[in-house]
Amino acid sequence: MPYRTIIEPFRIHTVQAIDLPTIEEREAALRRAGFNLFGLHADEVIIDLLTDSGTGAMSSEQWAGMMRGDESYAGSRSFYRFEAAVEDLTGYAEVIPTHQGRAAEKILFSVMVSEGDVVPNNTHFDTTRANVEYRGAEALDLVESSDPSEILPFKGNMDIPALRATIEEVGVDRIPLVMMTVTNNSGGGQPVSMENLREVRAVCDEYGIPMYLDACRFAENAWFIKIREDGYADRTAKEIAQEMFSLADGCTMSAKKDGLVNIGGFLAMNDHDLSLQARNLLILTEGFPTYGGLAGYDLEALAQGLEEVVDEDYLRYRVRSTEYLADRIIGAGVPVVQPAGGHAVYLDAKALLPHIPPHQYPAQALAVELYRNGGVRGVEIGTVMFGRPRPGDEPDEPAPTELVRLAIPRRTYTQSHIDYVGEVVIEVAQHAPEIRGYRIVDQAPWLRHFTAVFEPLSE
């Protein structure tokens, strides 16, 4: 008979020690870092859930591939293995390696987006939004549901009537492309259905607008389609992913997520003329088109990772391990985005800390408390990351949600680590009324959350 426990489909081959800083050491670290968790040293963190990007463990086959890597400057065999793996998965004819996803975004938007344009997306993530806005364009979010408590099987879907209304209002000439983020990171790691992808494709075809995927977590999205959408239960995750890619004209990819590597990404498309412009910019900013800022061994590891990530035993474990943490936290009455996302659990700081207004950054306050109390590092996804500063002393324009993302690195932590995280979250939530907000005392004009300096408020 089948057992209810879903085990990790791997054995741990190498271990790395975890430092266990005391609460006094953590307090000192917070003050040194200006209460910005990005400023902490890694050895000051007990469980690091800041991101799942490039923080996972690679397999023995990936490490073996790195030993086979060909470091030729031009035309290395490692590039051609990487190119074949991407073409097999996506079906796109033009494959352009980059050092990570934001470089692919920078190149794509540089050749496609102009000042005054509008780029619709279900929800842009931070670097995607910043790269659109850096071009002087508007990054417009059109997700169907942004209510953290609403339970939907495909909560990352784009609002089709809103997309159509946007095109009619703005005009086709000002919309160079439509993007779909799979899974929808800023919205809680929520998946997009195949039906919704087809609907977006149909609207794009009607108006003659290209459609691109932000495909960082394509495999997790494919797994959700398999287990939640009618007609896909008997399809493999790879077949579902291939269908997803076939509905778009191209994609950007941070392979540090579902590429299962520590560095790397790519831009892929079918438009040959556009790819020539992209490669020219690649040479200027990243490197020659057959390495794109990566070493040959990175390309080998990435090619292998794209094969391993669609393994269904891995995907079943991956999604269940996230659900496990969410179930424990929800069971204790802590508000989270439901259902659980594929790569992370998102705590709803707005619901947990209603006494802290958005301009005092409740999600940042909650993230700081998780680290202070238990050494768990998450990341704020709220008004610090997505709010808009107003002139003078006016409060920031708030973000629609105030979330703390606990992103689980792939193949890295054990069940006891996740149990510990659950204990820390529940303990902090029990003292929620005592938590106070923060103010920003220094910030950068772009992506301020990475380097902002905070100061705690006493009242």
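None of these values were measured; they are calculated from a predicted model.

Participant: Is there a simple way to explain a nonpolar patch on the surface in this structure?
Facilitator: A surface patch of nonpolar side chains, amounting to about 310 Å² of accessible area, comprises Y73, I283 and F288. Take I283: it is sitting in helix α10 (residues 272–285).

Participant: Is there a simple way to explain the environment of F38 in this structure?
Facilitator: Checked against the element boundaries, F38 lands in the loop between α1 (23–32) and β1 (47–48). Distance from F38 to Q443, taken between C-alpha atoms, is 13 Å for residues 405 residues apart in sequence. Apart from the residues lying within four places of it in its own chain, the contact partners of F38 are L50, R377, V379, H449 and F450.

Participant: Honestly, the sheet that holds strand β7 (residues 250–254) in this entry has me stumped. Any pointers?
Facilitator: Where strands meet in a sheet, backbone hydrogen bonds hold them as pairs that are either parallel or antiparallel. Strand order in this open sheet of five strands is β2-β8-β7-β6-β5, and the pairing throughout is mixed. Looking at strand neighbours, the two that pair on one side only are β2 (94–98) and β5 (178–181), the edges of this open sheet. Pairs of neighbouring strands in the sheet enclose a mean axial angle of 15 degrees, with direction left out of account. Looking at chain direction, β5 and strand β6 (residues 211–214) are connected through four bridges and run parallel. Bridging from a neighbouring strand, V178 pairs with M211 of β6.

Participant: Sorry if this is basic, but what is going on with helix α5 (residues 126–134) here?
Facilitator: Each turn of an α-helix holds 3.6 residues, which means side chains three or four residues apart point in the same direction. Among the nine residues of α5, seven are classified as buried, and the element is accordingly described as predominantly covered. Buried within α5 are the following residues: D126, T127, T128, R129, A130, N131 and V132. Of the surrounding secondary structure, the elements contacted by the buried residues of α5 are α4 (101–112), β3 (118–121), β4 (138–141), β5, β6 and α15 (383–386). Trailing α5 by a residue or two, G136 shows a phi angle of about 80 degrees, which is positive.

Participant: Please explain a negative patch on the surface as it appears in this structure.
Facilitator: Judged by side-chain charge, E144, D147, E150, E195 and E199 come together as a negatively charged surface patch. Note that E150 resides in the loop between β4 and α6 (160–170). Residue class for E150 comes out partly exposed when judged on its relative accessible area of 33%.

Participant: Would you mind showing me how to read helix α2 (residues 60–68) here?
Facilitator: The set of residues buried in α2 consists of Q62, G65 and M66. Each buried residue of α2 lies within a common arc of 105 degrees when the element is viewed along its axis, so the set occupies one face. Away from the buried face of α2 by more than 90 degrees, exposed residues S60 and M67 are located. Where α2 is buried, its residues contact α11 (296–308).

Participant: Mind showing me how you'd approach empty space enclosed by the protein here?
Facilitator: The method is simple in principle: a probe with the dimensions of a water molecule rolls over the atoms, and the space it marks as empty is what remains. Scanning the model with the defined rule gives two cavities of 30 Å³ or more in all. If you add up the space inside the largest cavity, you get close to 80 Å³. Lining the largest cavity we find N36, L37, F38, Q364, A367, G378, V379, E380, V384, M385, H449 and F454. Its residues assigned to classes, the lining of the largest cavity comprises seven nonpolar, four polar and one charged. By volume, the second largest cavity amounts to about 40 Å³. D52, G56, K256, K257, L260, V261, N262 and R410 are the residues that line the second largest cavity. Here the lining of the second largest cavity is built from residues that sort into two nonpolar, two polar and four charged.

Participant: Please clarify how the sheet that holds strand β9 (residues 344–348) should be interpreted in this entry.
Facilitator: In space, the three strands of this open sheet follow the order β9-β12-β11, with antiparallel pairing throughout. Because the sheet does not close on itself, it has two edges, and the strands there are β9 and β11 (379–381). Across the sheet, the mean angle separating the axes of adjacent strands is 30 degrees when strand polarity is ignored. By the bridge criterion, five bridges tie β9 to strand β12 (residues 403–407) in an arrangement that is antiparallel. Paired with V345 across the two strands is L406, which belongs to β12. Across the sheet, helix α14 (residues 362–374) touches β9, β11 and β12, and the angle it forms with β12 is around 40 degrees.

Participant: Could you clarify how one ought to interpret the side chain of N131 in this entry?
Facilitator: Tracing the chain through its elements places N131 in helix α5. The contacts of N131, once residues within four sequence positions are left out, are R102, E105, K106 and F109.

Participant: How should I be thinking about the side chain of E369 in this particular structure?
Facilitator: You can see E369 is positioned in helix α14. E369 has contacts with V428 and I435, leaving out every residue within four places of it along the chain.

Participant: Mind showing me how you'd approach the packing of aromatic side chains here?
Facilitator: To describe a pair of aromatic rings, you give the distance between the ring centres and the angle between the ring planes. Counted according to the given criterion, the structure contains 14 aromatic pairs. A centroid spacing of 5.1 Å and a plane angle of 75 degrees characterise the contact between F79 and Y80, whose relative ring orientation is edge-to-face. Residue classification places F79 among the buried positions, given a relative accessible area of 4%. Residue Y80 is classed as partly exposed on the basis of its relative accessible area of 44%. On the numbers, 6.3 Å between centres and 70 degrees between planes, the contact of F125 with F386 is edge-to-face. Of the two residues, F125 sits in the loop between β3 and α5 while F386 sits in helix α15, which places them 261 residues apart along the sequence. In this pair, the class of F125 matches that of F386, namely buried. Taken together, the ring pairs connect F79, Y80, F82 and F266 into an aromatic cluster.

Participant: Hey, could you run me through the pattern of salt bridges in this one?
Facilitator: For side chains of opposite charge, pairing can occur when their charged atoms come near one another. Evaluation of the coordinates by the stated rule reveals 33 salt bridges. Between R201 and D205 there is a salt bridge, with the nearest N and O atoms lying 2.9 Å from each other. Of this pair, R201 and D205 both sit in helix α7 (residues 194–207), separated by four residues, roughly a single helical turn. Connected via shared salt-bridge partners are D52, R217, E220, D258, R318 and R410.

Basis of the calculations
Residues numbered from 1 in each chain as written. Predicted model: local features only at pLDDT ≥ 70, side-chain atom pairs only at ≥ 80, totals over all residues. Heavy atoms only, no water. Patch = residues over 30% accessible without salt bridge, like charges linked within 9 Å, V, L, I, M, F, W, Y side chains within 5 Å. Areas by Shrake-Rupley, 256 points an atom, 1.4 Å probe, with all protein chains shown as cover. Salt bridge = Lys/Arg side-chain N within 4 Å of Asp/Glu carboxyl O. Helix = DSSP H or I, 4+ residues; strand = E, 2+ residues; numbered from the N terminus. Contact = heavy atoms within 4.5 Å. Pairing = 2+ DSSP bridges. Axes fitted to C-alpha atoms, helices over the stretch in contact; angles between N-to-C directions. Buried < 20%, exposed > 50% of the residue type's maximum accessible area, 1.4 Å probe, protein only. Lys, Arg positive; Asp, Glu negative; His and termini not counted. Charge placed at Lys NZ, Arg CZ, Asp CG, Glu CD. Arc of directions from axis to C-beta. 1 Å grid on protein atoms, 1.4 Å probe; cavity = no way out; pocket = protein on both sides within 12 Å on 5 of 7 lines; lining within 4 Å. Points joined across faces, edges and corners; volume = space filled by probe spheres on them. Nonpolar A, V, L, I, M, F, W, Y, C, P; charged D, E, K, R; others polar. Phe/Tyr/Trp six-rings, centres within 6.5 Å; stacked < 30°, edge-to-face > 60°.

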